[in-house]
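# Close look at the chain arrangement
Residue-level listing of the chains:
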Amino acid sequence: MITAIFDVRDISDDFEQLNERLIQAADILAAGGTVAFPTETVYGLGANALDPEAVAKIYEAKGRPSDNPLIVHIASEDQLAGIVREVPEKARKIMAKWWPGPISIIMKKDPRIPDRVTAGLDTVAVRMPVNPEARALLSRCGCPVAAPSANLSGKPSPTRPEHVLHDLEGRVDGIVLGRNCDVGIESTVIDLSVEPPVILRPGIVTAEDLEALIGEVRVASNNGKTESVPKAPGMKYTHYAPEAPLILYRGEADSLWQAIRERAEAERAAGRRIGLMLSSEHLNAAREAFGNDPGCRIHDFGSAKDPKQAAQCIFDILRTLDREGVDLILGETFEEAGVGFSVMNRLLKAASDVITV
Ligand code: TXA
Ligand code: MG
């Protein structure tokens, strides 16, 4: 399949020019094709949500299990009428505060949304992204757009245009090459079809943020067990794990670095190539210890005090480590609170072991 490329990186802040240059991409969507595009969270792979055959092409291109439902993306709240049966009061509050933005809301679905989109569930997840590229495309194509993350199933979500090219060129009808994703982890998914509402996937909008706005919410814990909460269908699939085992270290900053360093030295002595995922706070020490060693790849995920930085780069680092072909990855962890909880959610899914020091 020949993939049409729409490179808008030179004009990504000019809404009028964007509209102009994305007309053809919008036409592809309207005609039942698939187009990958940037959002503020991760790149998505879109198709007309009202066209079951178009939606089937998404599953095909990604190699995604067909019982994992998709999020429907819209450009304006007027579109909700044909997507959900009713908009609960709590949804109105969330929309007023965070839309357009990185949160998806699950509500009871309208019969016009095909089963292919929701995998047969009677609920549907809806989101209004804020990226200008996404908004231009979604408003122009004239239909709601079902879009999972634009990676091959089992790979980390794409946060840069080159990730999408790598995974999907030749497998989809179009790719919009835009900016790197600001948020870097997928949207928060909150289920408002149940009471109290349940966060099915933590994101940059946190449980703390949501509780402050709508009162009690339930959260599935990050350790794989849930607090008697139904799982998002997507949670049962093996998530991305890097080619090399990822071992996470939990503990206090100093002893944590100590433990990682000792393990790294032992692994290097045994001739294994390693990757380190560290906070900026330990970067200098790591460079002093391993900076001249080509068998040790050092990656900085930003300050341990600011998990938003890690959210932004975590998937890119995991993809880079795969390319670098290391044998083992040692990574620092975050305090599981606020955005740190959401980053840890993704890291724990990728990890093969967690060591507490
Ligand atoms: O940030 C994002 O949400 C990105 C961008 C492209 O918008 N999209 C994304 O889609 O991450 P995807 O398909 O990779 O993840 C959607 C998650 C899955 O875990 C899925 O199971 C869950 O949302 N989900 C979707 N509809 C649902 C529903 N009706 N009930 C429960 N879970 C649902
Ligand atoms: Mg995904």
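Residues numbered from 1 in each chain as written. Chains lettered and ligands numbered in written order. Predicted model: local features only at pLDDT ≥ 70, side-chain atom pairs only at ≥ 80, totals over all residues. Heavy atoms only, no water.

### Quick word on the pattern of salt bridges
Throughout the structure, instances matching the rule amount to 16 salt bridges. Salt-bridge contacts for aspartate 10 lead to arginine 21; the nearest nitrogen and oxygen are separated by 3.1 Å. One end of the pair, aspartate 10, is in the loop between strand 1 (4–7) and helix 1 (15–21); the other, arginine 21, is in helix 1, and eleven residues separate them in sequence. Under the relative-accessibility criterion, aspartate 10 is labelled exposed at 59%. Accessibility expressed as a relative area gives 33% for arginine 21, which makes it partly exposed. Among the ionic pairs, glutamate 324 bridges to arginine 297, the shortest N-O distance being 3.4 Å. Of the two residues, glutamate 324 is situated in helix 11 (residues 307–324) and arginine 297 in strand 14 (residues 296–300); the sequence distance between them amounts to 27 residues. (Salt bridge = Lys/Arg side-chain N within 4 Å of Asp/Glu carboxyl O. Helix = DSSP H or I, 4+ residues; strand = E, 2+ residues; numbered from the N terminus. Buried < 20%, exposed > 50% of the residue type's maximum accessible area, 1.4 Å probe, protein only.)

### Observations concerning the environment of glycine 325
Positionally, glycine 325 belongs in the loop between helix 11 and strand 15 (328–332). Since its relative accessible area comes to 38%, glycine 325 is described here as partly exposed. Glycine 325 sits 300 residues away from alanine 25 along the chain, and the two C-alpha atoms are 35 Å apart.

### What to know about the sheet that holds strand 1
Each strand in a sheet pairs with its neighbour through backbone hydrogen bonds, running either in the same direction (parallel) or in the opposite one (antiparallel). Pairing is mixed in the open sheet, where eleven strands are placed in the order 1-8-2-3-7-4-6-5-9-10-11. Edge positions in the open sheet fall to strand 1 and strand 11 (218–219), since each of these has one partner strand only. In this structure, strand 2 (residues 35–37) lies alongside strand 3 (residues 44–48), joined through three bridges in antiparallel fashion. Directly across from valine 35, in strand 3, lies its bridge partner glycine 46. (Pairing = 2+ DSSP bridges.)

### Some words on helix 4 (residues 89–98)
Listing the buried residues of helix 4 in full gives Ala91, Ile94, Met95 and Trp98. The arc that holds every buried residue of helix 4, seen down its axis, measures 100°, which confines them to one face. Those residues of helix 4 that are exposed and angled more than 90 degrees off the buried face are Glu89, Ala96 and Lys97. The inward-facing, buried residues of helix 4 abut strand 5 (103–108), strand 9 (188–191) and helix 8 (207–214). (Arc of directions from axis to C-beta. Contact = heavy atoms within 4.5 Å.)

### Side note on the packing of aromatic side chains
Going through the model one piece at a time under the given rule, you end up with one aromatic pair. Ring centres of phenylalanine 301 and phenylalanine 334 lie 5.0 Å apart, and the angle between their planes is 40°; this geometry places the pair in the tilted category. Taken together, the residues phenylalanine 301 in the loop between strand 14 and helix 11 and phenylalanine 334 in the loop between strand 15 and helix 12 (339–350) connect sequence positions 33 residues apart. Accessibility assignment for this pair places phenylalanine 301 and phenylalanine 334 in one class, buried. (Phe/Tyr/Trp six-rings, centres within 6.5 Å; stacked < 30°, edge-to-face > 60°.)

### A word on the packing of helix 9 (residues 253–269) against helix 10 (residues 283–290)
At a closest axis distance of 12 Å, the pairing of helix 9 and helix 10 adopts a crossing angle of 20°. By the criterion of interaxial angle, the relationship of helix 9 to helix 10 is roughly parallel. The handedness of the crossing between helix 9 and helix 10 is right-handed. Judged by residue contacts, Trp257, Arg261, Ala264 and Glu265 of helix 9 engage Ala285, Ala286, Ala289 and Phe290 from helix 10. A breakdown of the residues in the contact of helix 9 with helix 10 according to their chemical character gives six nonpolar, no polar and two charged. (Axes fitted to C-alpha atoms, helices over the stretch in contact; angles between N-to-C directions. Parallel < 35°, antiparallel > 145°, perpendicular 65-115°, else oblique. Left-handed = near helix turned anticlockwise from the far one by under 90°. Nonpolar A, V, L, I, M, F, W, Y, C, P; charged D, E, K, R; others polar.)

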